[in-house]
Amino acid sequence: MTNEQFESLVLKLEQQAKENLTSYRTKVVMLALLGYGYLCIILAICVAVIGYSIYAIILEGFHYALIKILLLAGVLVLYLLRSLIFKMNPPSGRIVCRDEAAGLFEILDELKTKLKAPAIDTVILTEDMNAGIVQLPKFGFFGPNRNYLLLGVPLLLTLSSEQMKAVLGHEVAHLTTGDGKLDAWIYRLRQTWGTFMGTLEERQQFGTFLFRKFFYWYYPIFDAHAFVLSRMEEYRADRAAAEVASAKDHADALLQLEIADPYLNDAYFDELIKTHEDKDEMPRPYGDFRSKINMIPDETKKSYLDDALERKTNAVDTHPSLSDRLAAVGINPYIPKISNPSAFATFFNASDEILKEFDLEWREERKEDWEIALQEHRESLMRFDMLKSSEPDSLEDSLELAILTEQFSSMKEAIPLYEAILERFPSNLDTAYAFLKVGEHYLIGNSNEKGKSYLETAMKLNWAYRLDGLSILCQYYERNGNKQKFEEYLRQLHDWEETLWASDEERDYFTAKDDYVPHDITEEVLNPIVAKIKEIPAIEEVYLVRRMLKVIPERKQYVFGIISRSEIDPDDFFNGWEILSASMVLLNKHHDIKKRLQKVPNSKIV
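In this text the structure is predicted, and so the values were computed from the model without any measurement.

Some points on unusual backbone geometry
For step 1, the next point in the chain: Put simply, Asn340 and Pro341 share a cis peptide bond, and its omega is -5 degrees.
For step 2, the next point in the chain: Note that Pro341 resides in the loop between α12 (322-328) and α13 (343-347).
For step 3, the next point in the chain: Of note, Lys116 is a non-glycine position whose phi angle comes to about 55 degrees, a positive value.
For step 4, the next point in the chain: Examined against the element boundaries, Lys116 turns out to sit in the loop between α4 (102-115) and β2 (122-126).
For step 5, the next point in the chain: You can call Lys116 exposed: its relative accessible area is 63%.

Listed below in C-alpha cells is the structure:
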C-alpha cells in the first residue's frame, strides 16, 4: 500500500468513525481478531498434521515421507510460537524511586484515582524532550502488563509542575478503563503486529511464506483502521489532561513543547559550542538547560510556534496538529511564559544531584564528539574571519563565505552573498546550493513566488537538493492554504522519498553485472588516501572504481574493492579520510566482482 493509498484510506475511515463510533470500534476489534484467527488456524493445521503424522507412524511404522512431514510441521509450529511469544526489553533510562520524587508520585497517585487507571509500575528518566507510557506484556502478545512512565529531563526542566501535571494526565489517560482501554489495546496491537512484520522480513526461512502473503495484505489495512482509533485516543487523553489540571495548563504545556523541542534539537548544541569556544571545560547540558530556555527571545519563540501552527493533522502521526489540539480544548495560540520553578525542581528532592548525574553521563559518552565539534567550530570561525578580510575570487571560497556568514552571523547577511554567487558564476552543480538558499529565503521568509523558480533550478542542477526543495514548496503552499499545489508537491515529495529509498537499496548490494567505470577522483585527493590505506597491514590490494547507478544515474558511488589477509572493518578502513558516496567490498568473498573490477582501466590503486 502506497503512502497516498494509506492516507486516502485513513480519511475514509475517519468519516466512518464519526458516523458510528460503536460500530467502527467493533469493526476494528473484528479486524484485530482476524489476525489472531489466521495464526490460530495455521497453528491448528500444523498441530493436526503433527498429530496425524504421529498416528500414522504408530500404525504403519517409520516412513521417510511421514518423518519429513512431521519435521516440517514441527518447524512451522516452533517458528510461530517464537514469533508470538517473545520478551520485549524494558525501556532504558534512570529509574526513579518514590522517596526521591515524592511530589511526582503524589500526582501519579491522584491521577490513578481520578482517571481510574492502573498503577504506574516504573518511572524512568530519559534524555528526550518527551513523555510517554510504555505498556509491555510479559510474553510478546500474552501475559500481564507492566506500565512504564518515561519522562524526559529536558521536558521536566521546561515545564512547571502544573503544566507537567497536564502532561502526566494525558499519558495516564491512555491506561484508563472502558473505551480508552480498548483503544490502548488496539494501539499496542499495532506495535506488536509491526514487530511480527519485522520478524517476517528478517527471517526468510522455510514456512514464512504461510504468513508473509497474508500479513503483507492484512497489516496495512489493520494499521489504517487502528490509526483512526489512536488519533481519537489522543483527543480523549487531551480532554483528560485539561480536566485534571486546566485547559490553560494543558495549552501551556503544548505550546512550550513546540518551542523547547526544536530549540533543543536545532539550536541548543550550537549555543553550547559558541559559549565554550574560548573555554577548555566541558559543558553542563542538563544543568544549564533551564537558564537557556529562559533566554529564548520572543521572536524566536514566535518563529517556532508559527512553524508548528502551520503543520496540519496528517496520516503520518497519530497525534493531531498543534492547532487542532488547541482548538479541541477551546484555546487560541499565544506565546507562553516560562513559570518558575520547574517541574524538575518541584518534583525531585535532590534535583541538582540528578542533573549532575546526567551531565556526567553525557560528558563520558560524548567527550570525543564534543572535542571534535568544538575544534571544527574554532577552525571554521578562524576561516570565517580570514575570508571576511579578503574578497574571494573562486566559487568555492565565495560559497564557503556565504555558508559561514549564515552560521556565524545571520541569514539576512548571507543572502546577498548567495545572490552575488548566482550573478558571478554560471549555473551548475556547485551553485545549486546558492539557488536553494535564495529560493528558500524568498519563498518562506518573504512569501515571494519568485523563490519557486530558484528552488526548481536547484533541484534540476543537483539531485541532492530535490528533497529539501520539495519540502520547502510543500511548506510554502500549506502555509498559504493552496491545497491543490500542496498536494501536488506532497505527492512529488513522497515519490522522491521512495526513489531515494530504492537508490539506497541499490547502493547496498553489489553484483558482477553492475556497470563499473574508471573513477574520476583527482590525484591530489587520492594520493593521501592511498598513503593511509598502505598503513593498514592486512590489506594486500585495493581497486577503486565508480559504479554507475540506475535509480538515480547522476548520483555518484565510488567502490573500493579490497583483497586482504584478514577481515577489514569499514570504520577502520575509512578512518582518517572520507570520500562522499564511497563503499567498500571485500573481494576475497566475491571473486566474480574481483574479476570485474580488475578489468576496469586504472582501477588498481594499491
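What to know about α4
Residue pairs spaced three or four apart in an α-helix point in one direction, given the helix's 3.6 residues per turn.
For step 1, the next point in the chain: With 14 residues, α4 should cover 20 Å at 1.5 Å per step; its first-to-last C-alpha distance of 20 Å lies within 8% of that length.
For step 2, the next point in the chain: Those residues of α4 that fall on the buried side of the exposure criterion are Leu104, Phe105, Ile107, Leu108, Leu111 and Leu115. Here the buried residues of α4 occupy an arc of 155 degrees about the axis, which is enough to place them on one side. The exposed set on the far side of α4, more than 90 degrees from its buried face, consists of Glu106 and Thr113.
For step 3, the next point in the chain: Backbone geometry just downstream of α4 places Lys116 in the positive-phi region, at approximately 55 degrees.

Brief notes about the packing of aromatic side chains
For step 1, the next point in the chain: Counted under the stated rule, the structure contains 19 aromatic pairs.
For step 2, the next point in the chain: Judged by centre distance (6.1 Å) and plane angle (40 degrees), the ring pair of Phe435 and Tyr454 falls under tilted. Note that Phe435 is positioned in helix α17 (residues 432-446) and Tyr454 in helix α18 (residues 450-461), a separation of 19 residues in sequence.
For step 3, the next point in the chain: A relative accessible area of 9% places Phe435 in the buried class.

A look at the environment of Asn527
For step 1, the next point in the chain: Secondary-structure assignment places Asn527 in helix α21 (residues 523-534).
For step 2, the next point in the chain: Its relative accessible area of 47% is what places Asn527 among the partly exposed residues.
For step 3, the next point in the chain: Counting along the chain gives 31 residues from Asn527 to Trp496, while the straight-line C-alpha distance between them is 36 Å.

Points about the packing of helix α9 (residues 247-275) against helix α11 (residues 298-310)
For step 1, the next point in the chain: Relative orientation of the contacting elements α9 and α11 amounts to 105 degrees, with a least axis distance of 9 Å. Between α9 and α11, the angle is such that the two are roughly perpendicular. Each of Leu255, Glu258, Ile259, Pro262, Tyr263 and Ala267 in α9 lies in contact with α11, whose residues at this interface are Lys301, Tyr304, Leu305 and Ala308.
For step 2, the next point in the chain: Looking at the contact of α9 with α11, its residues break down into eight nonpolar, no polar and two charged.

What about the sheet that holds strand β5 (residues 515-518)?
For step 1, the next point in the chain: Strand order in the open sheet formed by four strands is β5-β6-β7-β8, with mixed pairing between adjacent strands. The outermost strands of the open sheet, each flanked by one partner alone, are β5 and β8 (582-586). Mean inter-strand twist for the sheet, computed between neighbouring axes without regard to direction, equals 40 degrees.
For step 2, the next point in the chain: Where strand β6 (residues 539-548) and strand β7 (residues 558-564) come together, seven bridges link them in antiparallel fashion. The residue of β7 that forms the bridge with Arg546 is Tyr558.

A short note on the pairing of β8
For step 1, the next point in the chain: Burial within β8 is extensive, with five of its five residues counted as buried.
For step 2, the next point in the chain: Burial of β8 is two-sided: the residues Ala582, Met584 and Leu586 facing one way and the residues Ser583 and Val585 facing the other way are all buried.

Some details on the pattern of salt bridges
For step 1, the next point in the chain: Applying the stated criterion across every chain yields a total of 26 salt bridges.
For step 2, the next point in the chain: Taking the shortest distance from any N to any O, the salt bridge between Glu110 and Lys165 comes out at 2.9 Å. In this pair, Glu110 is assigned in helix α4 and Lys165 in helix α6 (residues 161-173), connecting sequence segments 55 residues apart.
For step 3, the next point in the chain: Residue Lys165 is classed as buried on the basis of its relative accessible area of 10%.
For step 4, the next point in the chain: The shortest N-O distance in the salt bridge between Lys248 and Asp252 comes to 3.1 Å. You can see Lys248 and its partner Asp252 sitting in helix α9, four residues apart, about one turn around the helix.
For step 5, the next point in the chain: A residue is classified by how much of its surface remains accessible, and Lys248, at 44% relative accessible area, is partly exposed.
For step 6, the next point in the chain: Here the residues in one salt-bridge network are Arg94, Glu100 and Glu357, joined through shared partners.

Some thoughts on α11
For step 1, the next point in the chain: Here α11 is 13 residues long and its end C-alpha atoms lie 18 Å apart, about the 18 Å a rise of 1.5 Å per residue gives.
For step 2, the next point in the chain: Here α11 has its buried residues at Lys301, Tyr304, Leu305, Ala308 and Glu310.
For step 3, the next point in the chain: The elements touched by buried residues of α11 are α9, α12 and α19 (466-479).

Here's the deal with the nonpolar core
For step 1, the next point in the chain: In this structure, Leu125, Leu151, Met164 and Phe348 are the most contacted members of the largest nonpolar core, which totals 67 residues.
For step 2, the next point in the chain: Looking at which element gives the most residues to this core, the answer is α9, with eleven residues.
For step 3, the next point in the chain: Setting aside residues up to four positions removed in sequence, Leu125 forms contacts with Gly93, Arg94, Val96, Leu151, Val153, Leu156, Phe344, Phe348, Ile354 and Phe358.
For step 4, the next point in the chain: Judged by nonpolar contacts, the second largest core, of 35 residues, contains Ala402, Ala414, Phe435 and Leu455.

Side note on the environment of Lys301
For step 1, the next point in the chain: Within the fold, Lys301 resides in helix α11.
For step 2, the next point in the chain: With residues near it in sequence (within four places) discarded, Lys301 still touches Ile259, Ile296, Ile335 and Pro336.

Calculation rules
- Within every chain, residues take consecutive numbers counted from 1 along the sequence as written.
- Residue-level local features of this predicted model are given only where pLDDT is at least 70; pairs of side-chain atoms are given and counted only at 80 or more, and the full residue set underlies all totals for whole chains, interfaces and linings.
- Side-chain measures here rest on the full set of heavy atoms in the structure, leaving out hydrogens and waters.
- Numbering of helices and strands starts at the N terminus; helices are DSSP runs of H or I of at least 4 residues and strands are runs of E of at least 2.
- Between buried and exposed lies partly exposed: a residue is buried under 20% and exposed over 50% of the maximum accessible area for its type, with that area taken using a 1.4 Å probe on protein chains only.
- How far a helix is expected to stretch is found by multiplying one less than its residue total by 1.5 Å.
- Taken from the helix axis, the directions to the C-beta atoms give the arc we talk about.
- A pair of aromatic rings is counted whenever rings of Phe, Tyr or Trp (Trp by its six-membered ring) have centres within 6.5 Å, and the orientation is called stacked for planes under 30 degrees apart, edge-to-face for over 60 and tilted otherwise.
- Simply put, an axis is a line fit to the C-alpha atoms, just over the touching stretch for a helix, and the angle between two N-to-C directions goes from 0 to 180 degrees.
- Orientation categories follow fixed angle ranges, with anything under 35 degrees roughly parallel, anything over 145 roughly antiparallel, 65 to 115 roughly perpendicular, and all other angles oblique.
- Any two residues having at least one pair of non-hydrogen atoms within 4.5 Å are treated as being in contact.
- Think of it as three bins: nonpolar holds Ala, Val, Leu, Ile, Met, Phe, Trp, Tyr, Cys and Pro, charged holds Asp, Glu, Lys and Arg, and polar takes everything else, Gly as well.
- One requirement defines pairing of two strands: DSSP has to find at least two bridges between them.
- Note on definitions: salt bridges are taken to be side-chain nitrogens of Lys or Arg within 4 Å of carboxyl oxygens of Asp or Glu.
- By convention a nonpolar core is built from buried Ala, Val, Leu, Ile, Met, Phe, Trp, Tyr and Cys residues, the set being connected through side-chain atoms within 4.5 Å.

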